[in-house]
Amino acid sequence: MLHIRDVRKIYTMGDQTVQALDGIDLDIFDGEMVAIMGPSGSGKSTLMHIIGCLDTPTEGSYKFDDEEVSEMDEVQLADIRNRKIGFVFQGFNLLSRTSALENVELPMVYGKIPDRRERAVAALERVGLGNRIDHKPNELSGGQQQRVAIARAIAMAPRLILADEPTGNLSSQQSEEIMQIFQELNDEGGTVVMVTHEPDIGRHCKRMVTIKDGRVLEDELIKDRLNATIELARLAAERELELERRANRTGNTLKPAQALEPV
Ligand SMILES: Nc1ncnc2c1ncn2[C@@H]1O[C@H](COP(=O)(O)OP(=O)(O)OP(=O)(O)O)[C@@H](O)[C@H]1O
Ligand SMILES: [Mg+2]
């Protein structure tokens, strides 16, 4: 799907230059699920912007489905983004006074997509928010807001889903729920590329690419891959145990299920 060859990105600010990417070679094939890891400032977001056709390399070649992206103009880049890529970025980028449904619909309004209402509802149901479509972002939890952002990204059934720190600022429970959605999308044939700082989140992917100083330091398949559905069951069991322990300490006779209500 993607072929990146000797890609460099140099930012120039006044008389200062920053070499954010320094000769990246990377191939990503259909059906992959890739974690991009590495220290702060190593070039992960810069690489994601190039993969996502939000920006072009200063030097090198980037082919997306055999089309040379590095020579495209703004209009062509926008076209490839709209047809092929769904974006999920940290901080959600949701409009605050707008319902979940409208947030998901909005990009399709710009694209004049005819059945956008149906697509938006289906995408929100897909991420488990069918009962929250009229809620505004401030009436949703952080994890739910991130799921709205995912619904918005997948409403047009993109071939490639790109996520930059999709679980930043979320609890372990919420992070697992997000990773469960990504794993399901990948099981259904979607290609997922995500940046994360957290090794345990990265281990939900099939492959881990480590970037350092704008270069690929390591590129390896993940052997002990985590399954988010199993991790969620484990977290639930741990919570149950903790409640039992607490009940034993205090003599509280409340059943775990009753005590557990809002999570
Ligand atoms: N628009 C820009 N203009 C100038 N320099 C930039 C720009 N974007 C990024 N840089 C610089 O390029 C380098 C790589 O930045 P990038 O955002 O890709 O890092 P990152 O790996 O995503 O870091 P983090 O983990 O902190 O998000 C940094 O040194 C940064 O300061
Ligand atoms: Mg970044």
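Residues numbered from 1 in each chain as written. Chains lettered and ligands numbered in written order. Predicted model: local features only at pLDDT ≥ 70, side-chain atom pairs only at ≥ 80, totals over all residues.

### Here we look at the sheet that holds strand β2 (residues 16-28)
The line we're drawing: The pairing criterion for strands is at least two bridges between them, as found by DSSP. Helix and strand definitions follow DSSP, with helices as H or I runs of at least four residues and strands as E runs of at least two, each counted in order from the N terminus.
Ordered by their spatial adjacency, 4 strands build an open sheet running β2-β1-β4-β5, and the pairing between neighbours is antiparallel. Taken across any chain shown, the strands that pair with only one partner, and hence form the sheet edges, are β2 and β5 (67-68). Two strands pair when backbone bridges link them, and strand β4 (residues 59-64) and β5 are joined in this way by 2 bridges, in the antiparallel orientation. Looking at β5, one finds that F64 is bridged to E67.

### Some points on the pairing of strand β7 (residues 160-164)
Every other side chain in a regular strand lies on the same face of the sheet, so the side chains alternate between the two faces. How we decide: With C-beta atoms placed from the backbone, a residue is buried if 20 or more other C-beta atoms are within 10 Å of its own, exposed if 12 or fewer are, and partly exposed between those counts. Whether a crossover is right-handed depends on one test, that the path from the first strand over the helix to the second runs clockwise when the strands point away from the viewer.
Burial runs high along β7: 5 of the 5 residues are buried. Of the two faces of β7, the one carrying L160, L162 and D164 and the one carrying I161 and A163 are both buried. Relative to β7, strand β6 (residues 85-89) is paired through 5 bridges, and the arrangement is parallel. Within β7, the residue paired with V88 across the bridge is A163. Taking the sense of rotation as the criterion, the β-α-β connection linking β7, helix α6 (residues 172-187) and strand β8 (residues 191-195) turns out right-handed.

### Here we look at the site of ligand 1
Here is the rule we go by: Using the backbone to place each C-beta atom, any residue with that atom within 6 Å of a molecule or strand is considered near it. The nonpolar class holds Ala, Val, Leu, Ile, Met, Phe, Trp, Tyr, Cys and Pro. Asp, Glu, Lys and Arg form the charged class, and all remaining residues, Gly among them, are polar.
Neighbouring ligand 1 are Y11, M13, V18, A20, G38, S40, G41, S42, G43, K44, S45 and T46. Elements with a minimum of two residues in the shell around ligand 1: β1 (2-13), β2 and α1 (44-51). A per-element tally of the shell around ligand 1 places α1 first, with 3 residues. In terms of residue class, the shell around ligand 1 is made up of 4 nonpolar, 7 polar and 1 charged.

### Topic: the environment of L124
The criterion, for reference: It is the C-beta atoms, placed from the backbone, that decide contacts: two residues are in contact if theirs lie within 7 Å.
Structurally, L124 is set in helix α4 (residues 116-126). Residue classification places L124 among the buried positions, given that 25 C-beta atoms sit within 10 Å. Taking the C-alpha atoms as reference points, L124 and D73, separated by 51 residues in sequence, lie 33 Å from one another. Those residues in contact with L124 that lie beyond four places of it in its chain are A100, L101, V104, L129, G130, I133 and A151.

### A look at the sheet that holds strand β10 (residues 215-221)
As a reminder, the rule being used: An axis is simply a line fitted to the C-alpha atoms; with a helix, the fit covers only the stretch in contact. Between two such axes, the angle follows the N-to-C directions and lies from 0 to 180 degrees.
Ordered in space as β6-β7-β8-β3-β9-β10, the 6 strands form an open sheet in which the pairing is mixed. A single partner strand is all that each edge strand has here, and the edge strands are β6 and β10. On average, adjacent strands in this sheet sit at an angle of 15° to one another, irrespective of strand direction. Pairing of β7 with β8 involves 5 bridges; the strand directions are parallel. By the bridge assignment, L162 is partnered in β8 with V193.

### With respect to unusual backbone geometry
It is generally the case that most residues other than glycine have a negative phi and that most peptide bonds are trans. We note that C53 has phi near 60°; this positive angle belongs to a residue other than glycine. Judged by C-beta crowding, with 23 C-beta atoms within 10 Å, C53 ranks as buried. Of note, D65 is a non-glycine position whose phi angle comes to about 50°, a positive value. Mapped onto the elements, D65 comes out in the loop between β4 and β5.

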